[in-house]
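So the chains spell out like this:
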Amino acid sequence: MTRLAKIGVLGASGYTGSECVRLLLRHPQVEIALLTADRKAGQEMRDVFPQFSPYTLPKLVPLDGLDWPALGLDLVFCALPHATTQTVIKDLFARAPGMKVVDLSADFRLADTAAYARWYGDAHHAPELQGEAVYGLVEIYRERIKKARLVANPGCYTSCAQLPLVPLIKAGAIDLDEIVIDAKSGMTGAGRAARENMLFSEVSEGFHAYGVGHHRHMAELDQEFSAAAGRQVTVTFTPHLVPMNRGILSTIYVRGLAGRSPQDLHALLAKTYGGEPFVHVLPFGETPQTRHVRGSNMTFVGVTADRIAPRAIIVAALDNLVKGAAGQAVQNMNLVLGFPETTGLEQVALFP
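Each chain carries its own residue numbering, running from 1 in the direction its sequence is written. Where local features are concerned, this predicted model is filtered to residues with pLDDT of at least 70; where side-chain atom pairs are given and counted, the filter is 80 or more; whole-chain, interface and lining totals use all residues. Side-chain measures were taken over the full set of non-hydrogen atoms in the model, leaving aside hydrogen atoms and water.

Caption draft 1: Local environment of the sheet that holds strand E12 (residues 279-281). Strands were regarded as paired on the criterion that DSSP finds at least two bridges between them. By definition, any uninterrupted DSSP run of H or I lasting at least four residues is a helix, any uninterrupted run of E lasting at least two residues is a strand, and each is numbered from the N terminus. Sheet architecture is open: 7 strands sit in the order E9-E10-E8-E11-E14-E13-E12, paired in mixed fashion. The open sheet has two edge strands with one neighbour each: strand E9 (208-209) and E12. Pairing geometry for strand E8 (residues 180-185) and strand E10 (residues 236-241), over 6 bridges, is parallel. Looking at the pairing, Lys 184 lines up with His 240 of E10. Against the sheet, helix H11 (residues 262-272) touches strand E11 (248-255), E12, strand E13 (299-305) and strand E14 (311-318), its axis set at about 160° to E13. Contacts are assigned to residue pairs that have any heavy atoms within 4.5 Å of one another. All axes are obtained by fitting lines to C-alpha atoms, using only the stretch in contact for helices, and the reported angles, taken between N-to-C directions, cover 0 to 180 degrees.

Pasting the structure below:
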């Protein structure tokens, strides 16, 4: 019998950590061997998330004092707050250098540690590890991820924007100075911590922009779009909070170059993603809805013509907790550990 890979989830009491657990429970090649929490340490997972009541899971334990070599883990998911993960992973690798890590925080997404300090307001605490971190957008960096020890899982907003835009940028198909990304996210993107501005009465029956002109994901978008273009790219990006639990919808405005029509942009995306299991390009003129990807690891992309030629409107939708976080993390784990990429991730979206 093939040995199951031993997996840990650090920060399992948050939305992202619990979503990792949900997906891993259906994965036939792994064993959940460690779950950590801070405030919820000492509790059973079922006490924090009752949906896990039928399943036998490790008790939530504190992160401090863990004996990493004795645990014998093959890989850990870090679903910890930004600015804490760097020191945790640095300590983990010092004591168990052979372990693999998929980090779901922003701590290793920015290759430039000075940019990290500027956008996140804190010095980078593991610059020696940043150099080996591989950005974990599978459809773009698949081959590099397979060889990685440390994978920096992308942000949810950035995944929803990069998947439709990176192929167009690489092909020189759109004007790099006229990209506008208007993005909306559900409430779970803000995490599970209790905050006044996240109370039901504060967010229901309303819809608002936030981080206008200075959202941290801008640094990630600039980095990846510039890498794709081979020159500096700075896009307009505005996020909005929508009173729903899950989902991101990005409406993206672009202008085709060199005579490329919206139909040409659609054909380029359809060709790029024709063999990809988790990116689906809709027929030209159709646009996706968040409800069509809810609970799945899919990204749906639609392209339609603007009334002003040669402009096009691209709409992309994904579940921020799955393809935007835990699902993409499991996809990365599958590559790192040599499993078939789609294992444990083939759930069809839950609708209605």
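Caption draft 2: The environment of Trp 119, seen in detail. Its place among the elements puts Trp 119 in helix H5 (residues 113-120). Its relative accessible area of 26% is what places Trp 119 among the partly exposed residues. C-alpha of Trp 119 to C-alpha of Lys 147: the two residues are 28 residues apart in sequence and 29 Å apart in space. Excluding residues within four positions of it along the chain, Trp 119 makes contact with His 214, His 215, Arg 216, Met 218 and Ala 219. Residue burial is assigned from relative accessible area. The probe radius is 1.4 Å, only protein chains are included, and a residue is buried under 20% of its type maximum, exposed over 50%, and partly exposed in between.

Caption draft 3: Expanded view of H5. For H5, the complete set of buried residues consists of Ala 115, Tyr 116 and Tyr 120. Buried residues in H5, looked at end-on, bunch into an arc of 105°, giving them a common side. Close packing links the buried residues of H5 with helix H4 (85-95). Phi turns positive one or two residues past the end of H5, at Gly 121, with a value near 70°. Taking the helix axis as origin, the arc is that swept by the directions to the C-beta atoms.

Caption draft 4: Main features of the packing of aromatic side chains. In summary, the pairing rule links any two rings of Phe, Tyr or Trp, Trp by its six-membered ring, whose centres are within 6.5 Å, and it sorts them by plane angle into stacked for under 30 degrees, edge-to-face for over 60 and tilted for everything else. For the coordinates displayed, the defined rule picks out 4 aromatic pairs. The interplanar angle of 15° and the centroid separation of 5.0 Å between the aromatic rings of Tyr 116 and Tyr 120 together place this pair among those described as stacked. Taken together, the positions of Tyr 116 and Tyr 120, both in helix H5 and 4 residues apart, correspond to about one turn of that helix. The same class applies to Tyr 116 as to Tyr 120, namely buried. Whether a charge lies above a ring is judged from NZ of Lys or CZ of Arg, which has to be within 6 Å of the ring centre and within 35 degrees of the ring normal. Positioned over the ring face of Phe 93 is Arg 149, at 3.7 Å from the centre of the ring.

Caption draft 5: Representation of the sheet that holds strand E6 (residues 134-135). Taking strand neighbours across the sheet as the criterion, the 7 strands line up as E3-E2-E1-E4-E5-E7-E6 in an open arrangement whose pairing is parallel. Among the strands making up the open sheet, the edge pair consists of strand E3 (60-61) and E6.

Caption draft 6: Just the pattern of salt bridges, in detail. By convention in these notes, a salt bridge is any Lys or Arg side-chain nitrogen within 4 Å of a carboxyl oxygen on Asp or Glu. Tallied over the full model, the rule gives 19 salt bridges. Among the ionic pairs, Glu 128 bridges to Lys 90, the shortest N-O distance being 3.5 Å. With Glu 128 in helix H6 (residues 127-130) and Lys 90 in helix H4, this residue pair connects regions lying 38 residues apart in the sequence. The class for Glu 128 is partly exposed, based on a relative accessible area of 47%. For Asp 319, the salt bridge identified is with Arg 246, shortest N-O distance 3.0 Å.

Caption draft 7: Here's a closer look at the environment of Arg 109. Relative to the elements of secondary structure, Arg 109 occurs in the loop between strand E5 (100-103) and H5. Dropping the residues within four chain positions of it, Arg 109 is found in contact with Leu 104, Tyr 135, Ala 152, Asn 153, Pro 154, Gly 155, His 217, Glu 220 and Gln 223. Whenever a nitrogen or oxygen atom comes within 3.5 Å of another N or O atom, the pair is scored as a polar contact, on the condition that within protein one atom can donate a hydrogen and the other can accept it, and that pairs from neighbouring residues in sequence are kept only if both atoms are in side chains. A polar side-chain atom of Arg 109 sits 3.0 Å from the main-chain carbonyl oxygen of Leu 104. Polar side-chain contacts of Arg 109 include one of 3.2 Å to the backbone oxygen of Ser 105.

Caption draft 8: Seen up close, the side chain of Asp 319. Examined against the element boundaries, Asp 319 turns out to sit in the loop between E14 and helix H12 (322-337). Within the local environment of Asp 319, its side chain forms a polar contact with the side chain of Arg 246, the two groups lying 3.0 Å apart. Side-chain polar atoms of Asp 319 contact the backbone nitrogen of Gly 295, separated by 2.7 Å. If near-sequence neighbours (up to four positions away) are discounted, Asp 319 is found in contact with Arg 246, Gly 247, Val 293, Arg 294, Gly 295, Ser 296, Met 298 and Gly 324.

Caption draft 9: Inspection of the pairing of E8 at higher detail. Pairing between E8 and E11: 6 bridges, direction antiparallel. When the sheet's bridge partners are listed, Ile 181 is paired in E11 with Ile 252.

Caption draft 10: Geometry of unusual backbone geometry. Cis rather than trans, the peptide bond between Ala 309 and Pro 310 has omega equal to 0°. Position of Pro 310 relative to the elements: it lies in the loop between E13 and E14. For the bond running from Phe 351 to Pro 352, omega is 0°, close enough to zero to count as cis. Summarising the element assignment, Pro 352 is placed in the segment after H12. Unusually for a residue other than glycine, Ala 83 sits at a positive phi of about 80°. As for its placement among the helices and strands, Ala 83 is situated in the loop between strand E4 (75-78) and H4. Residue Ala 83 is classed as partly exposed on the basis of its relative accessible area of 29%. Phi is positive for Ala 258, close to 55°, though the residue is something other than glycine. Within the secondary structure, Ala 258 is located in the loop between E11 and H11.

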